[in-house]
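Observations on the three-dimensional arrangement
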Amino acid sequence: MKLLLIASECAPFIKTGGLADVIGAIPKALSEEGVEGRVLLPLYPALQQIAASGVTVAEFSDLFGGAARLVAVTAEGLDLLLLDAPHLYDRPGSIYLGRDGQDWHDNPTRFAALSHIGARIGVNGIDGWSPDIVHAHDWQAGLVPVYMRQMTNSPPPCVMTIHNIAFQGVFGADMMGSLGLDPAGFTPEGFEYYGRISFLKAGIAYSQKITTVSPTYARELMLPEFGMGLEGLLQARKSDLLGILNGIDLEVWNPQTDPVLEQTFTSRTLKRKHQNRTALERRFDLQSDPDAPLFCVISRLTEQKGLDLLLEVMPQMVERGARLALLGSGNPDLENAYKQAARQYQGRVGVVIGYDETLSHQMQAGADAILIPSRFEPCGLTQLYGLRYGTLPVVARTGGLADTVIDANDAALQSKCATGVQFAPVTAAALAQAIDRTCDLFAETDTWSAMMRNAMKHPVGWDQSAKQYLALFNGLMTA
Ligand code: ADP
Ligand code: GLC
């Protein structure tokens with residue numbers, strides 16, 4: 001089976017969040033099932049060096065206002081198709097935002113171009129290679145099935161995966177002409193959304209199947225509280241909507257071999273994890289305290305992640321003797337509030353503002369628990385890394401967090417399967433209670449160690465999910 005993935009990011013090359021990890025992982029996970037996957041990505045400056053060793057497989061004299069070409073290259077075990085369109089992608093800084101912190105004004109064109117080329121490859125193939133299935137991810141690839149439909153009556157089947165419905169790619173209807181969209185599709189059944197164009201809605205409306213990254217989020221998406229305006233359409237497509245959990249790369253995230261840890265460890269050598277905690281305390285200027293847990297947070301600082309609630313409960317948390325190490329970046333107000341908290345609770349709260357992959361591994365290894373109080377979380381990856389490193393997740397009961405963490409309630413403790421703590425509703429009071437409960441569990445050393453072992457045993461790889469994707473794709477090919 002040949003699979004074309006289309007996305008705006010892909011680890012380890014270019015990443016702003018979990019989307020990148022998942023795009024980098026799916027082709028590898030599926031290759032073990034005999035799938036030949038290729039990933040179409042924009043050629044951002046960060047990919048220039050990799051592209052230098054590739055070959056040009058197609059040239060376009062005019063792609064939305066400039067010349068472009070496609071470069072095929074294999075790197076880090078992934079077959080990439082890089083869309084080299086300097087007028088769209090060759091610019092410094094963030095892949096989505098300009099220096100003023102606002103979206104690049106031409107984002108609709110930038111990602112329409114990506115979708116257009118994806119559609120062309122879907123319909124015409126490239127370099128003697130034609131995909132059986134086209135797999136579009138998030139709004140940036142939402143127009144793929146629309147363009148394919150405009151090009152032919154019999155396009156290959158398209159699967160649209162929603163990683164986060166908060167980002168929909170909604171733009172003015174006046175762009176229809178410049179984006180090459182047939183106005184016939186500008187209807188409530190098509191890509192029209194309250195008088196504007198929605199890339200994500202287009203993807204949902206025109207794809208054969210829609211997936212999201214956890215079963216619970218798939219159900220939540222059909223509710224007004226979570227669907228962000230698209231719940232009606234998703235209810236209508238209910239029989240084509242499926243939640244498939246993300247996995248993680250078990251080689252990159254392996255406490256037994258992770259090269260950046262102070263000390264590697266396994267579930268049989270849990271005591272060694274403590275050396276990582278000591279290193280972490282040093283790195284974040286935290287006092288050591290064997291009686292209370294060291295919590296960590298590794299996150300984008302946005303409304304979604306609920307980290308404003310953690311600021312509210314900080315006094316209670318510190319009062320209980322717990323400590324916090326936070327790594328994150330994003331919303332400037334939240335960044336400042338956390339810097340202020342680190343000053344106020346010196347020795348108890350340590351904060352690093354920024355993005356640091358190495359440090360994120362060291363935190364997963366050194367902390368006792370990882371806090372994820374998200375208001376919504378399609379899947380979430382950091383709780384999965386936490387499970388793998390015996391760092392117990394304390395999570396809001398929503399989306400993929402609800403599906404991957406087993407709350408330490410009495411039944412789970414008795415059955416010896418608890419792996420963390422869940423709380424609901426997502427309020428400061430419930431979070432404070434969850435932190436309190438975690439501190440109590442931590443004090444019961446045997447219970448806590450048993451939970452760590454359960455967590456480390458919990459399957460967080462791609463095996464199951466790869467099979468589910470394969471079954472979905474096979475079903476489409478024989479339909
Ligand atoms: P989202 O995609 O919504 O940001 P996920 O939990 O799916 O949430 O994925 C986040 C990914 O980004 C994880 O791999 C996490 O480790 C990483 N990450 C987030 N913030 C940082 C940071 N400041 N430094 C390093 N890695 C980070
Ligand atoms: C999104 C979601 C996150 C998910 C990731 C990968 O960024 O916010 O929950 O894990 O995509 O699917």
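Above this text is the structure in question.
For the structure given in this document, a descriptive report is provided here. (Residues numbered from 1 in each chain as written. Chains lettered and ligands numbered in written order. Predicted model: local features only at pLDDT ≥ 70, side-chain atom pairs only at ≥ 80, totals over all residues. Heavy atoms only, no water.)

**Remarks on the overall build of the chain**
Defined as follows: Secondary structure is summarised from DSSP: a helix means a run of H or I of at least four residues, a strand means a run of E of at least two, and numbering begins at the N terminus for each. The atom set for the radius of gyration is the C-alpha atoms, and the globule formula is 2.2 Å times the number of residues raised to the power 0.38. Summary of the burial criterion: residues with accessible area below 20% of their type's maximum are buried, those above 50% are exposed, and those between are partly exposed, where the area comes from a 1.4 Å probe applied to protein chains only. Any pair of residues with heavy atoms lying within 4.5 Å of one another is described as a contacting pair. Methods summary: accessible areas were calculated by the Shrake-Rupley approach with a probe of 1.4 Å, and residue burial reflects only the protein chains presented. Under the convention used here, Asp and Glu are negative, Lys and Arg are positive, and both His and the chain ends fall outside the count. For the purpose of locating charges, the reference atoms are NZ of Lys, CZ of Arg, CG of Asp and CD of Glu.
The helix and strand tally for the chain stands at 19 helices and 18 strands. Taken over the C-alpha trace, the chain has a radius of gyration of 23 Å; the compact-globule value for 479 residues is 23 Å, and the two agree within 12%. Structurally, the chain occupies a C-alpha span of about 65 × 45 × 45 Å along its principal axes. When the 479 residues of the chain are sorted by exposure, 59% land in the buried category. The long-range share in the chain, meaning contacts at least 24 apart out of those at least 6 apart in sequence, stands at 71%. Of the roughly 19,200 Å² that the chain leaves accessible, carbon and sulfur atoms contribute 49%. Put simply, the chain has 38 plus and 51 minus side-chain charges, and the middle of one group is 4 Å from the middle of the other.

**Overview of the site of ligand 2**
Let me state the cut-off plainly: Residue proximity to a molecule or strand is established when one non-hydrogen atom of the residue lies within 4 Å of it. The definition of a polar contact used here is a pair of N or O atoms within 3.5 Å, where within protein one atom must be able to donate a hydrogen and the other to accept one, and adjacent residues in sequence count solely through side-chain atom pairs. Polar here means any residue other than Ala, Val, Leu, Ile, Met, Phe, Trp, Tyr, Cys and Pro, which are nonpolar, and Asp, Glu, Lys and Arg, which are charged; Gly is therefore polar.
Of all residues adjacent to ligand 2, which total 13 residues, the nearest are His-163, Asn-246, Glu-377, Cys-379 and Gly-380. Within the side chain of Gln-304, one N or O atom sits 3.2 Å away from an oxygen atom of ligand 2. No other element matches helix α1 (residues 18–31), which puts three residues into the shell around ligand 2. Here the residues of the shell around ligand 2 sort into five nonpolar, six polar and two charged.

**What to know about the pairing of strand β6 (residues 133–137)**
The condition is simple: In short, DSSP must find at least two bridges between two strands for them to pair.
In terms of burial, β6 is a largely internal element, five of the five residues being buried. Residues of β6 alternate between two faces, with Ile-133, His-135 and His-137 on one and Val-134 and Ala-136 on the opposite face, all of them buried. Bridge count between strand β1 (residues 2–6) and β6: four bridges; the pairing is parallel. Counted as the bridge partner of Leu-5 is His-135 from β6.

**A short note on the sheet that holds strand β9 (residues 192–193)**
Reading across the sheet, the three strands line up as β8-β10-β9 and stay open at both edges, with antiparallel pairing between neighbours. With partners counted over all chains shown, the strands left at the sheet margins are β8 (170–172) and β9, one partner each. Sheet topology places β9 next to strand β10 (residues 196–198); two bridges connect them, and they run antiparallel. Across the sheet, the residue bridging to Tyr-193 is Arg-196, located in β10.

**Some words on the pairing of strand β2 (residues 36–42)**
Cut-off, in case you're wondering: Handedness of a crossover is defined as follows: orient the strands so they point away from the viewer, and if the path from the first strand over the helix to the second runs clockwise, the crossover is right-handed.
In terms of burial, β2 is a largely internal element, six of the seven residues being buried. Summarising the sheet, β1 and β2 pair through five bridges and their orientation is parallel. Within β2, the position partnered with Leu-4 by the bridge is Arg-38. Where the polypeptide runs from β1 across α1 and back to β2, its parallel neighbour, the crossover connection is right-handed.

**A closer look at helix α12 (residues 332–344)**
Note the following rule: One fewer than the residue count of a helix, multiplied by 1.5 Å, yields its expected span. The arc refers to the directions leading from the helix axis to the C-beta atoms.
Across its 13 residues, α12 extends 18 Å between first and last C-alpha, which sits within 8% of the 18 Å expected from 1.5 Å per residue. If you check which residues of α12 are buried, you get Leu-334, Glu-335, Tyr-338, Ala-341 and Ala-342. Projected down its long axis, α12 shows its buried positions confined to an angular sector of 125°, all on one face. For α12, exposure combined with an orientation more than 90 degrees from the buried face picks out Pro-332, Asp-333, Arg-343 and Gln-344. Put simply, Asn-331 is the residue that caps the front of α12, since its side-chain oxygen is 2.7 Å from the backbone nitrogen of Asp-333.

**Remarks on the site of ligand 1**
Lining the immediate surroundings of ligand 1 are 21 residues, of which Lys-15, Gly-18, Arg-300, Lys-305 and Gly-354 lie closest. Between ligand 1 and the protein, one listed contact pairs an oxygen atom with a backbone N or O atom of Gly-18 at 2.6 Å. Taking Asp-356, its main chain carries an N or O atom lying 3.0 Å from a nitrogen atom of ligand 1. Computed on the free molecule, ligand 1 has an accessible area of 560 Å², of which 93% lies beneath the protein chains in the complex. Looking at the shell around ligand 1, the elements that each hand over two or more residues are α1, β13 (294–301), β14 (323–330), α13 (357–366) and α14 (382–388). With three residues, β13 is the largest single contributor of residues to the shell around ligand 1.

**Considering the pattern of salt bridges**
Side-chain pairs of opposite charge can arise where the charged atoms are in close proximity. Let me state the cut-off plainly: For this document, the term salt bridge refers to a Lys or Arg side-chain nitrogen within 4 Å of an Asp or Glu carboxyl oxygen.
All told, the structure shown has 17 salt bridges when counted by the stated rule. Its salt-bridge partner being Asp-84, residue Arg-69 comes within 2.9 Å of it at the nearest N-O pair. With Arg-69 in strand β4 (residues 68–75) and Asp-84 in strand β5 (residues 78–84), the pair connects residues that are 15 residues apart, well separated along the chain. The partly exposed category is assigned to Arg-69, whose relative accessible area is 27%. Between Arg-283 and Asp-356 there is a salt bridge, with the nearest N and O atoms lying 4.0 Å from each other. With Arg-283 in helix α10 (residues 273–283) and Asp-356 in the loop between β15 (349–353) and α13, the pair connects residues that are 73 residues apart, well separated along the chain.

**Some details on the nonpolar core**
Test applied: Only buried residues count toward a nonpolar core. Its members are Ala, Val, Leu, Ile, Met, Phe, Trp, Tyr and Cys residues joined through side-chain atoms within 4.5 Å.
Counting 98 residues, the largest nonpolar core has Leu-40, Leu-70 and Leu-234 as its most contacted members. Each residue touching Leu-70, except ones within four places of it in the same chain, is listed here: Leu-40, Val-55, Thr-56, Val-57, Ala-58, Phe-60, Leu-81, Leu-82, Leu-83, Ile-117, Ile-121 and Ile-126. Grouped together as the second largest cluster of nonpolar side chains are 54 residues, Phe-295, Ala-365, Tyr-389 and Val-421 included.

**A word on the environment of Glu-32**
Here Glu-32 is to be found in the loop between α1 and β2. Between the C-alpha atoms of Glu-32 and Asp-106, which are 74 residues apart in sequence, the distance is 38 Å.

**Some remarks on the packing of aromatic side chains**
For any pair of aromatic rings, the description rests on two quantities: the centre-to-centre distance and the angle between the ring planes. Heads up, the rule is: Side-chain rings of Phe, Tyr and Trp, where Trp is taken by its six-membered ring, are said to pair if the distance between their centres is within 6.5 Å; with planes under 30 degrees apart they count as stacked, over 60 as edge-to-face, and otherwise as tilted.
Considering all chains together, one arrives at 13 aromatic pairs under this definition. Here the aromatic rings of Phe-186 and Phe-191 are separated by 6.3 Å at their centres, their planes lie at 55°, and the arrangement is tilted. The class for Phe-186 is partly exposed, based on a relative accessible area of 24%. Taken together, a centroid distance of 5.1 Å and an interplanar angle of 80° make the contact between Phe-442 and Trp-448 edge-to-face. One exposure class covers both Phe-442 and Trp-448, and it is buried.

As far as function goes, none of this settles anything; it's purely spatial.
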